[in-house]
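# Overview (structure and organization)
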Amino acid sequence: MRLNWGMIGGGEGSQIGPAHRLGAQADGLFTFAAAALDADPAKGREYAQRLGVAVDRAYGDWREMLAGERNRENRVDLVTVATPNATHFEITKAFLEAGFHVLCEKPMTMTVEEGEVIVKIAQSSGRICAVNYCYSAYPMVREMRAMVARGGLGRIRLVVANFSHGHHGDAGDADNPRVRWRYDPAMAGVSGQFADCGIHALHMASFITGDEVARLSADFASTIESRVLEDDAMVNFRTAGGTVGRLWTSSVAIGRQHGFDIQVFGETGGIRWASEQPNQVWYTPLGGRTQIMEKGEAGLSDDAARLSRVPIAHPEGFPLAVANIYVDLAAVIRGETRDGLPSAEDGLRSMAAVMAAVESAKAGGAWVDARPPMLR
Ligand code: NAI
């Protein structure tokens with residue numbers, strides 16, 4: 001039987017809303033049953049109905065949705081929180097406490113303390129709180145993770161990750177509502193670009209190497225001077241296992257569209273993946289030629305094969321990576337286990353890294369502990 005799914009945020013014209021709706025509904029696992037989609041209640045109600053949500057479950061805001069859903073017999077099983085960052089904590093906390101499973105957008109919270117609260121509630125309630133590090137659900141990212149885990153690159157020496165684009169490079173765009181909140185501390189938190197995109201790259205570095213980010217040193221810049229928060233950051237880090245990490249993230253890199261790529265260098269080889277060509281991994285063994293590994297080819301790891309949906313060489317992209325998160329969520333809600341689903345602990349680790357980077361940047365790049373106190 002299908003599970004019932006509800007969504008908060010992700011209204012008409014939002015960036016991430018469509019990917020969640022496509023992802024959640026791609027496999028027939030969830031029925032889109034309830035929603036509070038927009039900061040404007042009337043717009044949210046109207047859009048939800050246009051998307052097929054029943055009139056009595058097309059809510060004006062999340063509190064109304066919580067009140068309307070909590071005592072329903074066919075209440076939603078899973079709630080996605082896809083609002084701007086400042087609201088994630090209170091919405092996620094309220095729904096977890098009411099016994100719902102939650103998929104929260106990143107960054108999960110605005111502070112480490114809030115992150116610890118969410119982890120504790122998820123642990124004590126047995127509810128799932130996943131965080132949408134959806135890039136980790138691309139089949140070829142899973143292949144890289146499996147390759148590293150089986151020692152295919154030897155000991156990992158170095159990870160280099162970039163997540164840079166140029167879509168906030170126009171200083172005249174300051175009033176664009178989709179851009180403005182990302183540099184407003186009241187809506188975005190203490191970090192702009194690093195918390196927006198950099199943490200995807202940082203999560204990916206940990207995800208592929210299976211190693212946690214232990215300490216870091218950051219340099220933040222607001223290249224558009226009117227911005228309070230950074231629009232460019234360079235972060236050096238070390239993992240607990242001693243891997244050297246380099247990360248560049250920028251939103252003013254005009255000409256880069258969605259420049260998220262990662263390279264992992266071990267003792268016996270190196271691999272590279274780029275989100276603009278997500279179906280390939282470039283693999284170079286020590287002393288050998290570069291080979292292109294392709295999603296859907298024979299011999300990939302079980303996880304990569306499982307999460308690949310269409311035959312080899314057919315394009316497969318972002319909404320299906322998000323769908324892979326929902327496939328695993330549905331399985332876990334039904335009591336199965338799934339390896340690799342990004343958790344509240346991952347959300348907390350990211351938040352600790354964001355706070356550490358802010359602290360380091362303020363201290364001229366001093367090295368600081370990047371781990372949340374609760375998970376040290
Ligand atoms: P956006 O500004 O494009 O859209 C935000 C939407 O949320 C709008 O429809 C707005 O009306 C609605 N909204 C705002 N406050 C609300 C409230 N209190 N209740 C209900 N709806 C509300 O923002 P975007 O880019 O879609 O980002 C939303 C979240 O998703 C952010 O936390 C962001 O970091 C994250 N995100 C994640 C991505 C990923 O790859 N995992 C990619 C893009 C965004």
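The coordinates are above.
Presented here is an overview of the structure given in this document.

What counts and what doesn't
- Residues numbered from 1 in each chain as written.
- Predicted model: local features only at pLDDT ≥ 70, side-chain atom pairs only at ≥ 80, totals over all residues.
- Heavy atoms only, no water.
- Helix = DSSP H or I, 4+ residues; strand = E, 2+ residues; numbered from the N terminus.
- Rg over C-alpha atoms; globule rule 2.2 N^0.38 Å.
- Buried < 20%, exposed > 50% of the residue type's maximum accessible area, 1.4 Å probe, protein only.
- Contact = heavy atoms within 4.5 Å.
- Near = heavy atom within 4 Å.
- Polar contact = N/O pair within 3.5 Å; in protein donor to acceptor, adjacent residues only side chain to side chain.
- Nonpolar A, V, L, I, M, F, W, Y, C, P; charged D, E, K, R; others polar.
- Domains from an automatic or database assignment.
- Phe/Tyr/Trp six-rings, centres within 6.5 Å; stacked < 30°, edge-to-face > 60°.
- Expected span 1.5 Å × (residues − 1).
- Bend = angle between axes of the 7 residues up to and from the residue.
- Pairing = 2+ DSSP bridges.
- Right-handed = clockwise from strand over helix to strand, strands pointing away.
- Salt bridge = Lys/Arg side-chain N within 4 Å of Asp/Glu carboxyl O.
- Axes fitted to C-alpha atoms, helices over the stretch in contact; angles between N-to-C directions.
- Parallel < 35°, antiparallel > 145°, perpendicular 65-115°, else oblique.
- Disulfide = S-S within 2.5 Å.

## Concerning the overall build of the protein chain
Within the protein chain one finds 12 helices and 14 strands. Against the globule reference of 21 Å for 376 residues, the protein chain gives a C-alpha radius of gyration of 20 Å, in line with a compact fold. For the protein chain, the C-alpha atoms occupy an extent of roughly 65 × 50 × 40 Å along the three principal directions. In the protein chain, buried positions account for 55% of the 376 residues. In the protein chain, the share of contacts with a sequence separation of at least 24, taken over all contacts with a separation of at least 6, comes to 68%.

## What to know about the site of the ligand
Neighbouring residues of the ligand: 26 residues in total, closest Gly11, Asn85, Lys106, Trp181 and Arg182. Here an oxygen atom of the ligand sits 2.9 Å away from a polar atom, N or O, in the main chain of Lys106. The side chain of Arg182 places a nitrogen or oxygen atom 2.7 Å from an oxygen atom of the ligand. Of the residues assigned to the shell around the ligand, the class counts are 10 nonpolar, 10 polar and six charged. Composition of the shell around the ligand by domain shows at least three residues from each of domain 1 (3–134) and domain 2 (138–310 + 343–362).

## Quick look at the packing of aromatic side chains
Per the stated rule, a full pass over the model turns up 13 aromatic pairs. With 6.4 Å between their ring centres and 50° between their planes, Trp62 and Phe95 make a pair best called tilted. Taken together, the positions of Trp62 in helix H3 (residues 62–70) and Phe95 in helix H4 (residues 88–97) put the pair 33 residues apart, joining distant regions of the chain. Each member of the pair Trp62 and Phe95 is classed as buried. Aromatic side chains Phe260 and Trp273 sit 5.9 Å apart centroid to centroid with 90° between the ring planes, which places their arrangement in the edge-to-face category. Here Phe260, found in strand E10 (residues 259–266), pairs with Trp273, found in strand E11 (residues 269–274); they are 13 residues apart in sequence, far enough to count as distant. Per residue, the accessibility class of Phe260 equals that of Trp273, and both read buried. Each residue in the set Tyr135, Tyr138, Phe163, Phe260, Trp273 and Phe318 is aromatic and connected to the rest through ring pairs, giving one cluster.

## Focus on the side chain of Gln193
Tracing the backbone shows Gln193 in helix H9 (residues 193–209). Overall, the relative accessible area of 0% leaves Gln193 in the buried class. Setting aside its immediate chain neighbours within four residues, Gln193 contacts Phe163, His165, Tyr183, Gly198, Glu230, Asp231, Asp232, Thr249, Ser250 and Ser251.

## A few points about H9
Taking 1.5 Å per residue as the helical rise, H9 with its 17 residues ought to reach 24 Å, and the 23 Å between its terminal C-alpha atoms agrees with that figure. Along H9, the sharpest kink reaches roughly 40°, centred on Ile199. Here H9 lies mainly inside the structure; 17 of its 17 residues are buried. The positive-phi residue at the C-terminal boundary of H9 is Gly210, with phi of around 70°.

## Points about the pairing of strand E3 (residues 78–82)
Residues in a regular strand project their side chains so that they alternate between the two faces of the sheet. Of all five residues in E3, five are buried, a share of seventy percent or more. A two-sided burial pattern is seen for E3, the buried positions comprising Leu78, Thr80 and Ala82 on one face and Val79 and Val81 on the other. Here strand E1 (residues 3–9) runs beside E3; their pairing, made up of five bridges, is parallel. When the sheet's bridge partners are listed, Ile8 is paired in E3 with Val81. Across four bridges, the pairing between E3 and strand E4 (residues 101–104) is parallel. By the bridge assignment, Leu78 is partnered in E4 with His101. Handedness of the crossover is the feature at issue here: the chain leaves E3, passes through H4, returns alongside E4, and the resulting connection is right-handed.

## With respect to the pattern of salt bridges
All told, the structure shown has 25 salt bridges when counted by the stated rule. Of the charged contacts in the structure, one is a salt bridge between Glu12 and Arg50, with a shortest N-O distance of 2.9 Å. With Glu12 in the loop between E1 and helix H1 (17–25) and Arg50 in helix H2 (residues 41–50), the pair connects residues that are 38 residues apart, well separated along the chain. Its salt-bridge partner being Glu316, residue Lys295 comes within 3.1 Å of it at the nearest N-O pair.

## What about the packing of H3 against H4?
Axis separation between H3 and H4 bottoms out at 11 Å; the angle between their running directions is 5°. Taken as axis vectors, H3 and H4 run roughly parallel relative to one another. Of H4, the residues touching H3 (which contributes Trp62, Arg63, Met65 and Leu66) are Glu90, Ile91, Ala94 and Phe95. Grouping the amino acids of the contact of H3 with H4 by side-chain chemistry returns six nonpolar, no polar and two charged.

## Quick word on the state of the cysteines
All told, the structure shown has zero disulfides when counted by the stated rule. Cysteine Cys129 shares no disulfide, and the gap to the nearest cysteine sulfur, in Cys104, comes to 6.0 Å.

## Section: the pairing of strand E13 (residues 291–294)
Summarising the sheet, strand E12 (residues 277–285) and E13 pair through four bridges and their orientation is antiparallel. Looking at E13, one finds that Val281 is bridged to Met293. Between E12 and E13, which pair antiparallel in sequence order, lie five residues; one of them, Gly287, sits at a positive phi of approximately 75°.

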